[in-house]
Amino acid sequence: MSLKGISPLSDEQQQQLSQVLSGLNVQQLAWVSGYLYGLSQGGVAPAAVAPAAVSGSLTILYGSQTGNAKGVADSLRKLAADKGLPVSVTAMSDYKPKQLKKESHLLVVVSTYGEGEPPESAVDLHEQLKKGKLGKLDGLKFAVLGLGDSSYEFFCQTAKDFDTFLAKAGGERVVESALLDVDYQAAAASWGEQALTSLAATLGGTAPASVAGSVAQAVGHSQYSKENPFPARLSVNQKVTGRDSTKDIRHIEISLEASGLRYQPGDALGVWFDNDPALVDEVLALAALSGDETTAHGTLRAALTRHVELTRLHGGFITGLADISGNAALKDLAGDKAQVNALVASAQVVDVLKRFPTPLSAEQLLGLLRPLTPRLYSIASAQSEVEDEVHLTVGVVRYPQEDGTLRSGAASSYLADRLEEGAEVRVFVEHNDNFRLPANPDTPIIMVGPGTGIAPFRAFMQEREAQGAQGKNWLFFGNPHFTQDFLYQVEWQRYVKSGLLSQISLAFSRDQAEKIYVQDRLREAGQELYQWLEAGAHFYVCGDANKMAKDVQEALLEVIAKHGHKSREEAEEYLSELRRAKRYQRDVY
């Protein structure tokens, strides 16, 4: 049967797929069918039934905030498939916690964010294990890999938690957990080899690994990725806050023409950036280097511009510099964890070098610095509306130092200040299946997005308008001042006038003597808000994780308890049920 005309595959992909499938027998075709279905659902679940000699199968669960844990989980799945092991990969948000009792072999890959908290997709499983709700897990063989950032106080805390919870429930740890820093790729591959070798001793193989690899390659995702970004073009850079605003927020439009990149409302755009040349010059001068020194990335200047972090300070830079410099004051500071954490939170690499001048070799300087990582921005457009474009809402990070110097965020200032319209910018799409519109367009939604947290909800409204969705839409938005900081005001007014936006609740915190925030508006509208939830509404939050998202969740719990006539514990369980049903989703950073 020809798929010409109805297949979403390109001619080349169809040819590749036909070549792969032509040599398969009936049993292998049945397996591939299950494999592809699993792939389309966000994981890989081979359909073949394991023979009696096989003792269980391997499940890889991942909890990802920015996509790194998902990437590691996918790499481990490929490694397991190459070994012929029966393996499936599932996001924790798509996994029923009670299924754990049926697992025989488990790998957990999880990141940590905020103050040692699990990523959004891992919250429910983490909570149920923590409370002991899943009972004993005797016979489960497991291993845990954690991704984190050692400059934060609660480094890889979520991975430590999962390791402790699983062992306490009776699981058998097959290898020690791996707690990996930002430069994790090589260590993750090495640990994965060790963990899978240990697991393979009690695990047989069913998946035709070569077939799995061929099919994945034949119908794989876009050729552009974090490792191979698309060279896009910046087409619009427009300030959307007023002249007197305390914030500099930009509406950014980027052309994806000829990329083939597809995204959905709720996804993020990864942006690779160059460090500010003036900042590079300052670092070189303070380290007594010319920039012409040879490195693995070309000249030292090129390496500092495109390959290492200069704005994100980490504790290792401070302790490493202390060892090299021999400066007594710096050694005292490096030995005080509280002082190190305070400096990391308030300064950049260049500020430490200014305070503690230390001549360095090129090798020493690069050894102290971390690899540059792309920044992720919530996408503020729907492709149904903007086609081969992608829009972002970028808050430019700027903050003064004690000496009067103004420091800027690396990626935000790159987009706002240093990239000319028409210039190239390297981008990729980071899919986020934990922040999606309801499948049924008639379902009501409630959106809470103060500041730049408004971005994905602009995409939501564009998509719902294109769908002709009948579901009601309610937006909660906040910022300091109505006249200066009402982002996309004309668009929201148009949506209200057309009836697409059923309600809008605004909180401009500095326009009156008493500060008012979105969480205050939630409490004020509590009765109607609860009625929307009872009617099946989905509740979304986007923005600051450390304060706003926690305050909003607290307000939501109070609303549920008060208007649902529930105890605190019952309100928390109600919210957990919303999360499990994917009706409470957060994109927080």
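## What to know about the overall build of the chain
Part 1 of the argument: Secondary structure assignment for the chain yields 23 helices and 21 strands.
Part 2 of the argument: For the chain, the share of sequence-separated contacts (at least 6 apart) that also reach a separation of at least 24 residues comes to 76%.
Part 3 of the argument: Accessible surface for the chain amounts to roughly 26,500 Å². Of this, 50% is attributable to carbon and sulfur atoms.

## Comments concerning the pairing of strand 4 (residues 141–147)
Part 1 of the argument: Burial of strand 4 is extensive: six of the seven residues sit out of reach of the surface.
Part 2 of the argument: Judged from the seven bridges that link them, strand 3 (residues 105–111) and strand 4 form a sheet pairing that is parallel. Along strand 4, the bridge assignment pairs H105 with K141.
Part 3 of the argument: As for the winding sense of the linkage, the β-α-β connection from strand 3 through helix 4 (residues 123–130) to strand 4 is right-handed.
Part 4 of the argument: Pairing of strand 4 with strand 5 (residues 172–173) involves two bridges; the strand directions are parallel. Looking at the pairing, F142 lines up with R173 of strand 5.
Part 5 of the argument: A crossover connection joins strand 4 to the parallel strand 5 through helix 5 (residues 157–168); in handedness this β-α-β unit is right-handed.
Part 6 of the argument: Relative to strand 6 (residues 178–180), strand 4 runs parallel, the two sharing three bridges. Bridge pairing links L147 to L180 in strand 6.

## Here's the deal with the packing of helix 17 (residues 455–467) against helix 19 (residues 489–498)
Any two packed helices are characterised by how steeply their axes cross, that is the angle between the axes, and by the distance between the axes.
Part 1 of the argument: Across the interface, helix 17 lies against helix 19 with an axial gap of 12 Å and an inter-helix angle of 35°. Once helix 17 is placed against helix 19, the crossing between them reads as left-handed. Facing F457, R458, M461, Q462 and E465 of helix 17, the residues of helix 19 in contact are E491, W492, R494 and Y495.

## Here we look at the side chain of Q348
Part 1 of the argument: Mapped onto the elements, Q348 comes out in the loop between helix 12 (337–346) and helix 13 (349–355).
Part 2 of the argument: What makes Q348 buried here is its relative accessible area of 2%.
Part 3 of the argument: Of the polar contacts made by the side chain of Q348, one reaches the side chain of Y399; its length is 3.1 Å.
Part 4 of the argument: Ignoring any residue separated from it by four or fewer positions in sequence, one finds Q348 in contact with L279, L310, T311, L313, Y399, R407 and S408.

Basis of the calculations
Residues numbered from 1 in each chain as written. Predicted model: local features only at pLDDT ≥ 70, side-chain atom pairs only at ≥ 80, totals over all residues. Heavy atoms only, no water. Helix = DSSP H or I, 4+ residues; strand = E, 2+ residues; numbered from the N terminus. Contact = heavy atoms within 4.5 Å. Areas by Shrake-Rupley, 256 points an atom, 1.4 Å probe, with all protein chains shown as cover. Buried < 20%, exposed > 50% of the residue type's maximum accessible area, 1.4 Å probe, protein only. Pairing = 2+ DSSP bridges. Right-handed = clockwise from strand over helix to strand, strands pointing away. Axes fitted to C-alpha atoms, helices over the stretch in contact; angles between N-to-C directions. Left-handed = near helix turned anticlockwise from the far one by under 90°. Polar contact = N/O pair within 3.5 Å; in protein donor to acceptor, adjacent residues only side chain to side chain.

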